[in-house]
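Okay, here's what each chain looks like letter by letter:
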Amino acid sequence: LEAPHGEARGRGFGSSIAMGRFKTQHNGYSLAFSPFVEGRVAVTTSQNFGIIGNGAQYVLEQRGGPGAPLVETARFDAADGLYDCCWSEENESVLVSASGDGSVKVWDVAAPPTANPLRSLEEHTHEVYAVHWNQVRKDCFLSASWDDTVKLWSLAGPPASLRTFAEHSYCVYAAVWSPQHADIFATASGDCTLKVFDARQQFSTLTIPAHEYEILCCDWNKYNDCVVATGSVDKTVRLWDIRSPRQELATIAGHQYAVRRVRCDPWNESVVYTCSYDMTVAMWDYKTCGGAGVGGTHTPLRRWGHHSEFAVGLDASVLTEGVVGSCGWDEQVAVWHRDADPAMM
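So, here's what we can say about the structure. Not measured: the values here are computed from a predicted model.

One open sheet holds the 4 strands; their spatial order is E1-E28-E27-E26, and the pairing between them is antiparallel. Since the sheet does not close on itself, it has two edges, and those belong to strand E1 (19-23) and strand E26 (311-316), each with one partner. Each adjacent strand pair in this sheet contributes to an overall mean axis angle of 15°, direction not counted. Here E1 pairs with strand E28 (residues 332-337) via 5 bridges, running antiparallel. Bridge pairing links Lys23 to Gln332 in E28.

Here we come to the layout of surface pockets. The calculated volume of the largest pocket comes to roughly 700 Å³. Forming the boundary of the largest pocket are 39 residues, of which His132, Gln135, Asp219, Arg263 and Asp315 lie nearest the centre. Residues of the lining of the largest pocket, tallied by class, amount to 25 nonpolar, 5 polar and 9 charged. Of the voids in this model, the second largest pocket is the one considered here, and its volume is about 280 Å³.

Right, let's get into the sheet that holds strand E7 (residues 94-99). In spatial order, the strands read E6-E7-E8-E9; together these 4 strands make up an open sheet with antiparallel pairing. The open sheet terminates on both sides in strands that have one partner only, identified here as strand E6 (82-87) and strand E9 (119-122). Looking at each pair of strands side by side, their axes are set apart by 20° on average, direction ignored. Two strands pair when backbone bridges link them, and E6 and E7 are joined in this way by 5 bridges, in the antiparallel orientation. Along E7, the bridge assignment pairs Leu82 with Ser99.

All right, on to the packing of aromatic side chains then. Inspection of every chain in the model, using the stated rule, returns 16 aromatic pairs. Seen in terms of ring centroids, Trp304 and Trp336 are 5.3 Å apart; in terms of plane orientation they differ by 70°. Their pairing is edge-to-face. Pair noted here: Trp304 is in strand E25 (residues 302-304) and Trp336 is in strand E28, with a separation of 32 residues, a long-range link. On the basis of relative accessible area, Trp304 is assigned to the buried category, the value being 4%.

The rules behind the values
- Residues numbered from 1 in each chain as written.
- Predicted model: local features only at pLDDT ≥ 70, side-chain atom pairs only at ≥ 80, totals over all residues.
- Heavy atoms only, no water.
- Pairing = 2+ DSSP bridges.
- Helix = DSSP H or I, 4+ residues; strand = E, 2+ residues; numbered from the N terminus.
- Axes fitted to C-alpha atoms, helices over the stretch in contact; angles between N-to-C directions.
- 1 Å grid on protein atoms, 1.4 Å probe; cavity = no way out; pocket = protein on both sides within 12 Å on 5 of 7 lines; lining within 4 Å.
- Points joined across faces, edges and corners; volume = space filled by probe spheres on them.
- Nonpolar A, V, L, I, M, F, W, Y, C, P; charged D, E, K, R; others polar.
- Phe/Tyr/Trp six-rings, centres within 6.5 Å; stacked < 30°, edge-to-face > 60°.
- Buried < 20%, exposed > 50% of the residue type's maximum accessible area, 1.4 Å probe, protein only.

Rendered as structure tokens:
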């Protein structure tokens, strides 16, 4: 059942400092806050670091107020590793997982276990690495795959993709809808390009050679509809204005290894969160990162070192300002307020 975002307030994290930890059975891969229910978070995991083995989609909730532990409220097991997840924007109980077997799994937290998965969408020919739900239209989502393609899906019709976008020449690691335009999305690829698509057009509308090495992630600024952030194996994040793409707006250089995920803060135009294979999660103000920085690196507003393996999952709550979540290959999930230290939980 659909619920307006505001109706979920009062449950879960609340306005006080939120902190919670959870240990998963397998290595964490992605984390996504519910857009409807405060205190609810989805986490995907993969056995054996995602190389071979099973996977699980967790749904966790923080019940009992700030400081209460995260508890498992649902778990869906899969025969292959799961690499990413996203929540439906039209039904608070539905979420989607990206699977290592090339399928996209659709789950319903409110349905009985025997009814899940609701669907298994099987068109990609290699691992599906990312999924993202349209926040404007709310009736469709994207999947990005190591088969070099992005597919557009809707649950309203038959279990077949609406369209396939096949312009990248290597693995597509991310496909993210614009938060303000119903048909615009960006993709990040191992071919070192950022592409912008309009689903109404036959071909992409922009290609930016954004990094010299593989681009692992991208995200749209939530306040400026022309700004996109990219994160790369080259250890940096770059901010791009798609109206003038010849030169980046800013480069954030502050991680020691590849940047695995980047998230633009839903509450502050200039704040960007990152997580990295250097095992840290960081918070930056990209508008102060224009220069080379000290020793060629920049100083984050915050840096957290609570993971003991690769930090690979990251999200910022759209319901509660300052609440951040991460997961890693150390099987640890953490949800905290950015003014707190999750290592102390």
